[in-house]
There are 2 protein chains.
Amino acid sequence: MKAEHINPFVSALVTTFRTMLSCEARRGSLAVKQDSRAAHEVSGVIGLSGNAVGTVVVSFSTEVAIKAASTMLMTEATRIDDDVLDAVGELTNMVAGAAKAQLEEFNMMVSLPSVITGSAHEVHFPSEVTPIGISFDTDWGPISLEVGLAPKREVAGV
Amino acid sequence: MKAEHINPFVSALVTTFRTMLSCEARRGSLAVKQDSRAAHEVSGVIGLSGNAVGTVVVSFSTEVAIKAASTMLMTEATRIDDDVLDAVGELTNMVAGAAKAQLEEFNMMVSLPSVITGSAHEVHFPSEVTPIGISFDTDWGPISLEVGLAPKREVAGV
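For the structure given in this document, a descriptive report is provided here. Here the residue numbers are simple positions, counted from 1 along each chain's written sequence. Chains and ligands are labelled by the order in which they are written, letters from A for the one and numbers from 1 for the other. With pLDDT at 70 or above as the cut-off, local features in this predicted model cover only qualifying residues; side-chain atom pairs require 80 or more to be listed or tallied, and sums for whole chains, interfaces and linings still use all residues. The side-chain quantities take in all heavy atoms of the structure and omit both hydrogens and water.

1. So, the overall build of chain A
Part 1 of the argument: Per the secondary structure count, chain A includes three helices and eight strands.
Part 2 of the argument: Secondary structure of chain A in N-to-C order comes out as α-β-β-β-α-α-β-β-β-β-β.
Part 3 of the argument: Restricting the calculation to C-alpha atoms gives the radius of gyration, and the globule rule supplies 2.2 Å times the number of residues raised to the power 0.38. In terms of overall dimensions, chain A is globule-like: its C-alpha atoms have a radius of gyration of 15 Å, near the 15 Å expected for 158 residues.
Part 4 of the argument: Across its three principal directions, the C-alpha atoms of chain A cover 45 × 30 × 30 Å.
Part 5 of the argument: Here chain A holds 158 residues, and the buried ones make up 59% of them.
Part 6 of the argument: Throughout, a residue-residue contact means that at least one pair of heavy atoms, one from each residue, lies within 4.5 Å. Considering only residue pairs separated by 6 or more positions, chain A has 71% of its internal contacts joining residues 24 or more positions apart. Each helix is a run of DSSP H or I of at least 4 residues and each strand a run of E of at least 2, with the numbering of both proceeding from the N terminus. The cut-offs for exposure are 20% and 50% of the maximum accessible area for each residue type, with area from a 1.4 Å probe on protein chains only; residues under the lower value are buried, those over the upper are exposed, and the others partly exposed.

This is the structure:
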């Protein structure tokens, strides 16, 4: 994917954290993703489709997921429960939604977010897609963003 | 989601396995998914969006993933490598693509497949969506299909 297409996702993440959570997310290093190990323990995954297809992964450390959910829901979460998973899915949805609005040329829609947990889970992209990964440091701990975008592919009819 | 909307996914899976892999997949029990533990070790995940949004998860036992990839690629895979992951993603893509063609009223598009691995990984759906899970028995071992579909949701602008 083109590097210029990552910027809408970065700014969407920063803006989402700032407006929804009053939390500053500071962008760290950008890397072409070499391995598929999820950066953290809880990963929100959402698909994009339209004139390009893509996947957005926002990976939260457990502590950031719990703090973010507590702030969004105005409760005090203490462990990864359904509310926290929903909050992670919703934040991932907002990041993807805000980014797609800035990528009008692709006229994309977002799918339903899913949230992956499990020790050492890995999210693999198709090998023809080279995802870009960016780490962020927040007041609550680390998160990471991974985006893979590709030209629209034809689905083989069966 | 409505039960009648699951049938296109079931027939898409059976047809995909039959035509792409010459492998019969026999439908087993259908259940409203209560937990989020992935049924097997390797899960293909793909998003759908349009007039409904959804997620399709096809979960493969390791042995089925390896056999399926070996058949598709006409090689002899022996472990979960990039080729096997790509084959799982592509089969998931075909199942979603064939099913959406039968669900014309939703005018959906598929996103990019991603493939999740990791011991005891879990794929969580948003709590407002009740996914339906169906187990299948194939000549090579078990697989399962999970589908969550929901009316189109508005993405909160940020």
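2. Details of the packing of aromatic side chains
Residue and element names in this part refer to chain B.
Part 1 of the argument: Ring geometry is summarised as follows: Phe, Tyr and Trp rings, the Trp one being its six-membered ring, pair when their centres sit within 6.5 Å, and such pairs are stacked at plane angles under 30 degrees, edge-to-face over 60 and tilted between the two. Evaluation of the coordinates by the stated rule reveals two aromatic pairs over all chains.
Part 2 of the argument: Taking 6.1 Å as the distance between ring centres and 25° as the angle between the ring planes, the aromatic pair formed by Phe17 and Phe60 counts as stacked. On the criterion of sequence distance, the pair formed by Phe17 in helix 1 (residues 7-21) and Phe60 in strand 3 (residues 52-60) is long-range, its members being 43 residues apart. Of the two residues, Phe17 and Phe60, both sit in the buried class.

3. Looking at the relation of the copies chain B and chain A
Part 1 of the argument: The copies were overlaid with a least-squares fit restricted to C-alpha atoms from residues scoring a pLDDT of at least 70 in each copy. Note on the identical chains: chain B maps onto chain A by a rotation of 180° and an axial translation of 0.0 Å, with an RMSD of 0.0 Å. The superposition operator between the copies reduces to a two-fold rotation axis. Closest to the rotation axis within chain B is the C-alpha of Gly47(B), separated from it by 2.5 Å.
Part 2 of the argument: A high fraction, 100%, of the interface residues of chain B reappear at the interface in chain A, so the copies pair face to face through one surface.

4. Considerations on the side chain of Ser43(B)
Part 1 of the argument: Within the secondary structure, Ser43(B) is located in strand 2 (residues 42-49).
Part 2 of the argument: Pairs of N or O atoms within 3.5 Å make up the polar contacts considered here, provided that, within protein, one atom can donate a hydrogen while the other can accept it, and that residues adjacent in sequence are counted only when both atoms are side-chain atoms. A polar contact of 3.1 Å, which involves the side chain of Ser43(B), links it to the side chain of Ser59(B).

5. Brief notes about the environment of Phe136(A)
All names here are of chain A.
Part 1 of the argument: Within the element layout of this structure, Phe136 appears in strand 7 (residues 132-138).
Part 2 of the argument: Phe136 sits in the buried class, given a relative accessible area of 3%.
Part 3 of the argument: Put simply, Phe136 and Glu24 are 112 residues apart on the chain and 9.6 Å apart in space, counted from C-alpha to C-alpha.
Part 4 of the argument: Those residues in contact with Phe136 that sit more than four places away from it in its chain are Val10, Leu13, Val14, Ala25, Arg26, Arg27, Gly28, Gly141, Pro142, Ile143 and Leu145.

6. Digging into the pairing of strand 8 (residues 141-151) of chain A
Residue and element names in this part refer to chain A.
Part 1 of the argument: Of all eleven residues in strand 8, nine are buried; the element is thus mostly enclosed.
Part 2 of the argument: For two strands to pair, DSSP has to find at least two bridges joining them. Note: strand 3 (residues 52-60) against strand 8, nine bridges, orientation antiparallel. In the sheet register, Ser59 faces strand 8, and the bridge partner there is Ser144.
Part 3 of the argument: Here strand 7 runs beside strand 8; their pairing, made up of seven bridges, is antiparallel. Paired with Ser135 across the bridge in strand 8 is Ser144.
Part 4 of the argument: Connecting strand 7 to the next strand, strand 8, in antiparallel fashion are two residues.

7. Digging into the interface of chain B and chain A
Part 1 of the argument: Listed as interface residues are 46 residues of chain B and, on the opposing side, 46 residues of chain A.
Part 2 of the argument: For this document, the term salt bridge refers to a Lys or Arg side-chain nitrogen within 4 Å of an Asp or Glu carboxyl oxygen. Linking chain B to chain A there are zero salt bridges.
Part 3 of the argument: Counting the contacts that link chain B with chain A gives eleven residue pairs in polar contact (both at pLDDT 80 or more).
Part 4 of the argument: Of the residues forming the side of chain B that touches chain A, the biggest block, seven residues, is contributed by helix 3 (residues 82-102) of chain B.
Part 5 of the argument: Classes in brief: Ala, Val, Leu, Ile, Met, Phe, Trp, Tyr, Cys and Pro nonpolar; Asp, Glu, Lys and Arg charged; the others, Gly included, polar. Classifying every residue of the side of chain B that touches chain A gives 22 nonpolar, 19 polar and five charged.
Part 6 of the argument: Sheet topology places strand 5 (residues 114-117) of chain A next to strand 6 (residues 122-124) of chain B; three bridges connect them, and they run antiparallel. Paired with Ile116(A) across the two strands is Val123(B), which belongs to strand 6 of chain B.

8. Notes on the pattern of salt bridges
All names here are of chain A.
Part 1 of the argument: Enumeration according to the criterion identifies six salt bridges over all chains in this entry.
Part 2 of the argument: Here Arg18 makes a salt bridge to Glu24, at a shortest N to O gap of 2.9 Å.
Part 3 of the argument: A salt bridge links Asp139 to Arg26; its shortest N-O distance comes to 3.2 Å. Pair noted here: Asp139 is in the loop between strand 7 and strand 8 and Arg26 is in strand 1 (residues 25-32), with a separation of 113 residues, a long-range link.
Part 4 of the argument: Several salt bridges converge on common partners, so that one network encompasses Arg26, Asp137 and Asp139.

9. Regarding helix 3 of chain B
Part 1 of the argument: Along its 21 residues, helix 3 of chain B runs 31 Å from first to last C-alpha, staying within 8% of the 30 Å computed at 1.5 Å per residue.
Part 2 of the argument: Capping the start of helix 3 of chain B, Asp81(B) holds a side-chain oxygen 3.2 Å from the backbone nitrogen of Asp83(B), two or three residues further along. To estimate the expected span of a helix, count its residues, drop one, and scale the result by 1.5 Å.

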